[in-house]
Amino acid sequence: MLFGEKILDYWDDILRDLGKVVAIPSVVGPAEGDYPYGKECARAIDTVVELAQSYGLQAKNVGYHAAHAEYGEGEGNAVVMAHLDVVPAGEGWDTDPYTMVIDDNFAYGRGVADNKGPAIVALHCLRALKDAGVKGNRKLRVIFGSAEEVGMTDMPHYFQSEQRPDMGFTPDASYGICHCEKGLLDFSVHGKNDSSVVRRFVSGTVPNAVPFKAECTLTCSPEEVEKLQAAAEKSEVTFDITATEEGCTIVSHGQAAHASTPWNGVNAASHLVDLLAQVFTQEQLGAFFWFIHEKIGLATDGSQIGVQMSDEPSGPLTFNLGLVNVDEAQCSLTVDIRYPATKKGAGIVAVLQEQAASCGVEFTLLSDAEPLYLPKESQLVTLLSGAYRDVTGEECDIFSMGGGTYARQMFGKGVAFGASFPDQADSRAHQTNEFLDLRRFKLHAEICLEAMYRMLTAE
């Protein structure tokens with residue numbers, strides 16, 4: 001019998017405790033006194049600390065940025081990192097999003113999958129290890145975060161005072177093991193609107209999504225409007241062009257996608273600029289729009305601006321024009337880049353700065369989160385893949401992704417591991433009617449306990 005099977009003895013308690021934390025609408029809010037992420041996130045922290053202590057575990061609230069429950073002794077520190085904050089519920093639910101409903105082996109509620117369910121399972125895994133009196137070679141902590149959904153600002157505060165991990169995982173992705181997360185680099189470009197034709201241009205809602213719609217207002221001649229209409233008819237993108245007294249308005253219709261896979265979408269902003277460049281000259285468009293046309297274009301790999309690159313572990317750099325905002329005076333855009341895990345952001349930034357300057361626009365680096373990369377042969381990847389294989393009877397896939405998880409906060413010592421399975425239906429995390437398939441979730445719970453047991457006892 002594998003140790004992981006013992007978690008099934010705690011199943012009723014897991015569901016009861018999950019219901020308690022789902023009932024807390026722990027959406028990050030403004031700081032309130034001692035609560036950096038608002039009262040509801042603080043209430044979620046208090047709740048898991050009380051639960052951990054009720055099970056005889058040591059627990060600590062670290063300034064309401066995060067908390068941990070702990071079992072074992074030793075100089076080393078293995079961790080499981082999960083988060084208690086959730087995205088807003090939104091409208092259109094079939095049930096109350098903050099009342100967990102179980103129907104035919106499915107649990108419904110905001111956070112059941114992302115990430116309260118895995119957080120509560122990890123807590124009970126710690127409890128199972130304590131109840132069994134397992135002797136380990138290090139401390140084992142389950143860390144509960146409060147701000148994963150809004151940039152992970154909770155973890156730098158937590159690790160200012162708490163021990164860094166020697167190994168760990170976050171159950172906030174998909175099985176097998178994500179050993180590689182690309183670097184995340186956001187930048188903006190600004191300039192004066194020196195275009196003689198574009199009065200207004202708006203596209204996108206967030207940098208990390210391909211914009212599905214773009215709108216612009218132009219001052220131009222009737223002949224130029226006709227040229228735009230003729231060019232639009234030949235495009236694979238749909239444009240609505242409406243003539244006005246001054247010129248026309250254009251609406252570009254693309255297709256949304258996540259910035260980590262921009263090829264799955266159609267960038268409405270890029271295609272609209274491409275349409276304009278077919279009719280208007282560089283002088284008419286001005287420096288800002290010519291920068292978009294020449295240095296961004298329709299490419300999703302950064303090839304036009306000179307940052308195209310790839311590596312074996314994580315694949316190609318991705319480049320997404322996410323936001324464009326232009327009025328009669330000023331222009332700005334924001335780009336989301338995911339760069340290969342073995343590369344450095346500084347070299348990319350140097351190229352971007354040079355290219356922006358050559359076009360007469362201003363470059364600003366907004367953020368550069370370094371990549372995560374653990375070789376497939378590392379002790380942790382070997383340990384976790386062994387736990388997965390022994391519980392499921394299947395080999396554990398080792399993969400990379402463009403997204404970001406708490407694994408980035410483990411100082412190069414952790415990976416994303418679970419909790420969903422590649423062949424199961426999307427849990428609708430971040431959408432209405434978020435759900436958890438409890439039958440598959442039991443299998444995750446067994447894998448999680450087996451993995452935590454092996455981390456605790458590994459030499």
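Within each chain, residue numbers correspond to sequence positions counted from 1 in written order. For this predicted model, a pLDDT threshold of at least 70 governs which residues receive local features, and a threshold of 80 or more governs which side-chain atom pairs are given and counted, while totals over whole chains, interfaces and linings are taken from all residues. Hydrogens and waters are ignored; side-chain quantities use all the structure's heavy atoms.

Here we come to the overall build of the chain. Put simply, DSSP H or I for four residues or longer makes a helix, DSSP E for two residues or longer makes a strand, and each gets a number counted from the N terminus. Broken down by element type, the chain carries 10 helices and 24 strands. For the radius of gyration, the atoms used are the C-alpha atoms, and the globule rule reads 2.2 Å times the number of residues raised to 0.38. At 25 Å, the chain has a C-alpha radius of gyration in line with the 23 Å of a compact globule built from 459 residues. In terms of overall dimensions, the chain has a C-alpha envelope of 80 × 45 × 45 Å along the principal axes. A buried classification covers 56% of the 459 residues belonging to the chain. For the chain, the share of sequence-separated contacts (at least 6 apart) that also reach a separation of at least 24 residues comes to 75%. Note on classification: 1.4 Å probe, protein chains only; a residue is buried when its accessible area is under 20% of the maximum for its type, exposed when over 50%, partly exposed between these limits. Any two residues whose heavy atoms approach within 4.5 Å at even a single point are treated as in contact.

A few words on the sheet that holds strand β14 (residues 247-253). Spatial strand order, β13-β14-β12-β11-β17-β18-β10-β19: eight strands in an open sheet with antiparallel pairing. Strands at the two margins of the open sheet, each flanked by one partner only, are β13 (238-243) and β19 (362-369). Averaged over all adjacent pairs, the angle separating strand axes in this sheet is 20°, with direction ignored. One ladder, built from 10 bridges, connects strand β10 (residues 183-192) with strand β18 (residues 330-339); its direction is antiparallel. Its bridge partner being in β18, Leu-185 is matched across the sheet by Ile-337. Pairs of strands are assigned from DSSP output, requiring at least two bridges between the strands. The axes used here are C-alpha line fits, helices contributing only the stretch in contact, and every angle between their N-to-C directions lies in the interval 0 to 180 degrees.

Within this numbering scheme, the UniProt entry marks residues 247-356 as carrying the feature "domain: Peptidase M20 dimerisation" (unreviewed entry). Along residues 247-356 one finds 35% helix and 27% strand; the C-alpha atoms at either end are 30 Å apart. UniProt positions are given in the numbering used here, feature names are shortened, and annotations may be inferred rather than shown by experiment.

Mapped onto the secondary structure, Glu-70 falls in strand β2 (residues 66-71). Residue classification places Glu-70 among the buried residues on the basis of a relative accessible area of 11%. In the structure, Glu-70 is positioned 17 residues away from Gln-53 in sequence and 9.9 Å away in space, judged by C-alpha atoms. Polar contacts here mean pairs of N or O atoms no more than 3.5 Å apart (in protein, one a potential hydrogen donor and the other a potential acceptor; neighbouring residues in sequence count only if both atoms are side-chain atoms). A distance of 2.7 Å separates polar atoms of two side chains, one belonging to Glu-70 and the other to Arg-141.

Okay, the packing of aromatic side chains next. We call Phe, Tyr and Trp rings a pair once their centres come within 6.5 Å, taking the six-membered ring for Trp, and we label the pair stacked below 30 degrees between planes, edge-to-face above 60, and tilted otherwise. Evaluated as defined, the whole model comprises 15 aromatic pairs. Their ring planes at 90° and their centres at 4.9 Å tell us that Tyr-175 and Phe-417 sit as a pair that is edge-to-face. Residue Tyr-175 is located in the loop between β8 (173-174) and β9 (177-181), and its partner Phe-417 is located in strand β22 (residues 414-417); the two are separated by 242 residues in the primary sequence. Chaining the aromatic ring pairs together yields one cluster made of Phe-169, Tyr-175, Tyr-388, Phe-417 and Phe-421. Here Arg-127 stacks its cationic end above the ring of Tyr-55, 4.0 Å away from the centre of that ring. Note on criteria: charge over ring means Lys NZ or Arg CZ within 6 Å of the ring centre, with the direction from the centre no more than 35 degrees off the ring normal. Stacked on the ring of Phe-421, the Lys or Arg Arg-440 has its end atom at 4.5 Å from the ring centre.

Looking now at unusual backbone geometry. For the peptide bond that leads from Tyr-175 to Gly-176, omega is -5°, which places it in the cis range. By the secondary structure assignment, Gly-176 is in the loop between β8 and β9. Cis geometry marks the peptide bond from Gly-418 to Ala-419; its omega dihedral reads 10°. We note that Arg-428 has phi near 60°; this positive angle belongs to a residue other than glycine. Relative to the assigned elements, Arg-428 resides in the loop between β23 (419-420) and β24 (435-437).

Residues Gly-414 and Ala-416 point to one face of β22 and Val-415 and Phe-417 to the other, with burial holding for every one of them. With two bridges connecting them, β9 and β22 associate as antiparallel partners. Directly across from Ile-177, in β22, lies its bridge partner Phe-417.

Alternating positions in strand β7 (residues 167-170) separate into two faces, Met-167 and Phe-169 on one and Gly-168 and Thr-170 on the other, with burial throughout. With three bridges joining them, strand β3 (residues 77-83) and β7 adopt parallel strand pairing. Opposite Val-80, over in β7, you have Phe-169 as the bridge partner. In this sheet, β22 lies alongside β7 in parallel orientation, the contact comprising three bridges.

With respect to topology, three strands assemble into an open sheet ordered β4-β5-β24, the strand pairing being antiparallel. The two strands at the open ends of the sheet, each matched to only one other strand, are β4 (101-103) and β24. If you compare each strand with its neighbour and ignore which way they point, the axes differ by 20° on average. Where β4 meets strand β5 (residues 106-108), three bridges bridge the pair, whose relative direction is antiparallel. Bridged to Asp-103 within β5 is Phe-106. Packing against the sheet, helix α10 (residues 438-457) makes contact with β4, β5 and β24, and its axis sits at approximately 70° to β24.

Tracing the backbone through its elements, the reader meets Cys-125 in helix α3 (residues 112-131). The sequence separation of Cys-125 and Pro-375 amounts to 250 residues, and the corresponding C-alpha distance is 27 Å.

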